[in-house]
Amino acid sequence: MISDTLRNNDLNLNAESDKTALTTGNSNHLLLGSQILEKNNSNLVESSICKIFPEEADRKIILENDIPLIMLCGLGSSGKTSIIKVLYDKVSPHETVSLYPTQSGSITLIKNESKILPCFGIIDLPGTAQIQDSLLGEDIFSKVSSLIFVIDSQNYPYNTEILRAKRLFQNAIQVKPGITFEVFLHKTDNETFSLDGAHLESQRDIHEKISSFIFQHGFGIDIRYHFTSIYNDSLLEAFSKVTQKISPFTQILEKLLDVLVISSSLEKAFLMDIYSRTFVASDSSLFDPIGFELCADILNVISEINEIYAPNCSLSRNSSGISCSINLDSGHLLHIQSIDHNIVLACVIRNEHVKNASLININIDILKQTLIQKVLSP
């Protein structure tokens, strides 16, 4: 009896051992399969990134850097590359006609010396459906802060563009719900858009088709629409509003400018980037396109004078000396004052308030000190 019991126990023990060995074997097999799957997914991610971005430097920005990325999408010849070239590469709008079509993805890294505006990258994608519909995935969308879809205003009724935009917005929102969406109705300087109401009709048509799609699918997307052209300041205004969304200081800067405007009796105030002429922030009063255009023109003049008379002198490194005022026939004065590196204060003042210049200068100094404490300090 005892020997039978021992034999039974041995059998049970062997059975348990076999069961344990079998379970361990399965576990190892599953673990190995998981590793293979993970490795395949990793290879797939790297493969798609390599197909979109052939340059290693661009791939490193996607894979390693943790900076906000703005992605420009749209059909071919919609003007995506021209936007980047005019804004950040100092290319004349007329020179963009000779640009070659974009063949592969690239990233333009915008380095700002001032902490007021963070460094960021701009992704320029070819207009092919293979890249924008098939290769774009979680690995890239997860890094994008803002997606801009550029539509050539001359391609009415925009059926292909709207279809592409719908797919992109849907794919992006499923990966990153916090991404912001913009639509640039571009090249609005052509004759068609000089007709009264033509631009509003086009915007309404695009807005209705995209909004109905978003509503049907229950996406909580807030899309902003902009009329843009590289031949006027509409592009500066639109891109300024995009970059403000990636800055963590936009709200505090707006409040500080509100205080400055009220305490100094200013008409309007902007914090602007010297190089791109975009505005980092403005006070909360109604946007003044004419005032902004004049301020942008002054910065352009300052930049051109610097290139002629001091080509080896960086404006941002010597910005403490930038200060100018211009009297206008409209009864206003435009004043430019350095704030920090590549950031300047541009404000519009009525002539009757110019007598308070000393008070205005004191308030600007207070603004600088507050920025140092709230934004620029480590």
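Everything below is about the structure printed above this text.
Structural notes, computed from the coordinates. Because the structure is a prediction, the values reported are computed rather than measured.

1. A short note on unusual backbone geometry
At step 1: Geometrically, the link from Tyr156 to Pro157 is a cis peptide bond, its omega value of 15° lying close to zero.
At step 2: With respect to the helices and strands, the residue Pro157 is situated in the loop between β4 (144-152) and α6 (159-175).
At step 3: Backbone geometry places Lys187, a non-glycine residue, at a positive phi of 60°.
At step 4: Take Lys187: it is sitting in the loop between β5 (180-186) and α7 (198-217).
At step 5: At His341, a position not held by glycine, the phi torsion is positive, near 50°.

2. Side note on the sheet that holds strand β6 (residues 223-227)
At step 1: Strand order in the open sheet formed by six strands is β2-β3-β1-β4-β5-β6, and the pairing between neighbours is mixed. Of all the strands in the sheet, just β2 (106-110) and β6 have a single pairing partner and so form its edges. Each strand of the sheet is rotated relative to its neighbour by a mean of 20°, with strand direction disregarded.
At step 2: Two elements, β5 and β6, share five bridges in a ladder whose sense is parallel. What sits directly across from Leu185, in β6, is Phe227.
At step 3: Contacting β1 (69-74), β2, β3 (120-124), β4 and β5, helix α3 (residues 80-88) crosses the sheet at an angle of about 145° to β3.
At step 4: Sitting on the sheet, helix α8 (residues 234-245) touches β1, β3, β4, β5 and β6, and the angle it makes with β5 is about 175°.

3. Let's talk about the sheet that holds strand β9 (residues 323-327)
At step 1: One open sheet holds the five strands; their spatial order is β8-β7-β11-β10-β9, and the pairing between them is antiparallel. The open sheet is flanked by β8 (279-282) and β9, the only strands paired with a single partner. Strand-to-strand twist in this sheet, taken as the mean axis angle between neighbours without regard to direction, amounts to 20°.
At step 2: Sheet analysis places β9 next to strand β10 (residues 332-340), joined by five bridges and oriented antiparallel.

4. Describing helix α11 (residues 357-376)
At step 1: Taken together, the buried positions of α11 are Ile360, Asn363, Ile364, Leu367, Thr370, Leu371, Val375 and Leu376.
At step 2: The inward-facing, buried residues of α11 abut α9 (250-264), β10 and β11 (343-350).

5. Some points on α6
At step 1: Counted at 1.5 Å a residue, the expected span for α6 with its 17 residues is 24 Å, and the 25 Å between its end C-alpha atoms agrees.
At step 2: Three or more residues of α6 are buried, namely Glu161, Ile162, Arg164, Ala165, Leu168, Phe169, Ala172 and Ile173. End-on, the buried residues of α6 take up no more than an arc of 160°, which puts them together on one face. Opposite the buried face of α6, by more than 90 degrees, sit the exposed residues Asn159 and Gln174.

Reading the values: rules and limits
- Residues numbered from 1 in each chain as written.
- Predicted model: local features only at pLDDT ≥ 70, side-chain atom pairs only at ≥ 80, totals over all residues.
- Heavy atoms only, no water.
- Helix = DSSP H or I, 4+ residues; strand = E, 2+ residues; numbered from the N terminus.
- Pairing = 2+ DSSP bridges.
- Axes fitted to C-alpha atoms, helices over the stretch in contact; angles between N-to-C directions.
- Contact = heavy atoms within 4.5 Å.
- Buried < 20%, exposed > 50% of the residue type's maximum accessible area, 1.4 Å probe, protein only.
- Expected span 1.5 Å × (residues − 1).
- Arc of directions from axis to C-beta.

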